Amino acid sequence: MDVKIEASWKEALGSEFSKPYFKGIVSFLHAEKEMGKTIYPPGKLIFNAFELTPLPALKVLLLGQDPYHQPGQAHGLSFSVPANVPQPPSLRTIFTELHADLGIPPAAHGCLESWARQGVMLLNAILTVEAGKPASHSKAGWMEFTDAVIRTVSGKKENVVFLLWGNFARSKRGLIDASRHCILEAAHPSPLARGAFLGSKPFSRTNAYLTSKNIQPIDWMP
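Being a predicted model, the structure only gives us computed values, none of them experimental.

Thresholds applied
Residues numbered from 1 in each chain as written. Predicted model: local features only at pLDDT ≥ 70, side-chain atom pairs only at ≥ 80, totals over all residues. Heavy atoms only, no water. Salt bridge = Lys/Arg side-chain N within 4 Å of Asp/Glu carboxyl O. Helix = DSSP H or I, 4+ residues; strand = E, 2+ residues; numbered from the N terminus. Buried < 20%, exposed > 50% of the residue type's maximum accessible area, 1.4 Å probe, protein only. Axes fitted to C-alpha atoms, helices over the stretch in contact; angles between N-to-C directions. Parallel < 35°, antiparallel > 145°, perpendicular 65-115°, else oblique. Contact = heavy atoms within 4.5 Å. Nonpolar A, V, L, I, M, F, W, Y, C, P; charged D, E, K, R; others polar.

Engineer: Help me understand the pattern of salt bridges, please; the structure alone is not making it clear to me.
Structural biologist: If charged atoms from side chains of opposite charge come close, those side chains can pair. Taken as a whole and judged by the stated rule, the model has nine salt bridges. Salt-bridge contacts for arginine 173 lead to glutamate 185; the nearest nitrogen and oxygen are separated by 2.3 Å. Of this pair, arginine 173 sits in the loop between helix H7 (167–170) and strand S6 (182–186) while glutamate 185 sits in strand S6, placing them twelve residues apart in sequence. Judged by its relative accessible area of 37%, arginine 173 is partly exposed. If you follow the salt bridges from partner to partner, you end up with Glu32, Lys37, Glu130 and Lys133 in one network.

See the structure below:
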């Protein structure tokens, strides 16, 4: 099966694409489209997180759950939206904490591509969603694939910062070798967490760890 994904990831994950579960994902998406359902993000952006953050460049993995489900929002990067789309509530909370942590004023847009291009992989555990139906593809098989991605990063890289925000992301901790990497956990930035994310200082803590390992820190200006 020929999957269009960035070359370093295709090599590292090659065996996944021939497994029955992945063939099941492809069949599921084809069937959904044949039924006339709208799927986000657009097909060419499903693997955008991989395209913008090749495996050799990866320094940080920020794990989200599933894509935004409203028109125009999802573009294959967790928590991010295209520059012309209003910021979702969770992203506004992230920017509030970024300002408090590093003094970076909240951005006028919600596009985090600049982070991705510096080595911050913005990975959703579920890579597609039906329009208007959050978590609708949670049983499509994507989590088996992204669990393999997390294990691959843990096994093939060293000194990666894993940002696990909220109980869902924290449940993936067991896939990560904590002796080789830095795991920073926090509450989810969703308003439902009632501000528990605020004060977690993930951005300064990430850069402090990277600097301690002689790795270029992230410029968190969106």
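Engineer: Would you mind showing me how to read unusual backbone geometry here?
Structural biologist: Most peptide bonds are trans, and most residues other than glycine sit at a negative phi. A cis geometry characterises the amide bond from tyrosine 40 onward to proline 41, with omega recorded as -10°. Its place among the elements puts proline 41 in the loop between strand S1 (39–40) and helix H3 (48–52). With a phi angle near 60°, asparagine 159 is a residue other than glycine that sits in the positive phi range. Position of asparagine 159 relative to the elements: it lies in the loop between helix H6 (142–156) and strand S5 (161–165). For arginine 194, which is not a glycine, the phi torsion comes out positive at approximately 55°. On the secondary structure map, arginine 194 appears in the loop between S6 and helix H8 (202–212). A residue is classified by how much of its surface remains accessible, and arginine 194, at 79% relative accessible area, is exposed.

Engineer: Help me understand the pairing of strand S3 (residues 120–124) in this model?
Structural biologist: Remember that side chains alternate between the two faces of the sheet whenever the strand is regular. Counting buried positions over the five residues of S3 gives five, a clear majority of the element. Burial of the side chains of S3 extends over both faces: Val120, Leu122 and Asn124 are buried on one face and Met121 and Leu123 on the other.

Engineer: Explain the packing of helix H4 (residues 89–102) against H8 to me, please; I cannot follow it from the model alone.
Structural biologist: Relative orientation and spacing of two packed helices are given, respectively, by the angle between their axes and the distance between those axes. Between H4 and H8, the least distance of the axes is 8 Å, while the angle of their chain directions is 60°. Accordingly, the angle class assigned to the pair H4 and H8 is oblique. For the pair formed by H4 and H8, the contact residues are Ile94, Glu97, Leu98, Asp101 and Leu102 on the first element and Pro202, Phe203 and Ser204 on the second. Each residue belonging to the contact of H4 with H8 can be placed in one class, and the counts come to five nonpolar, one polar and two charged.

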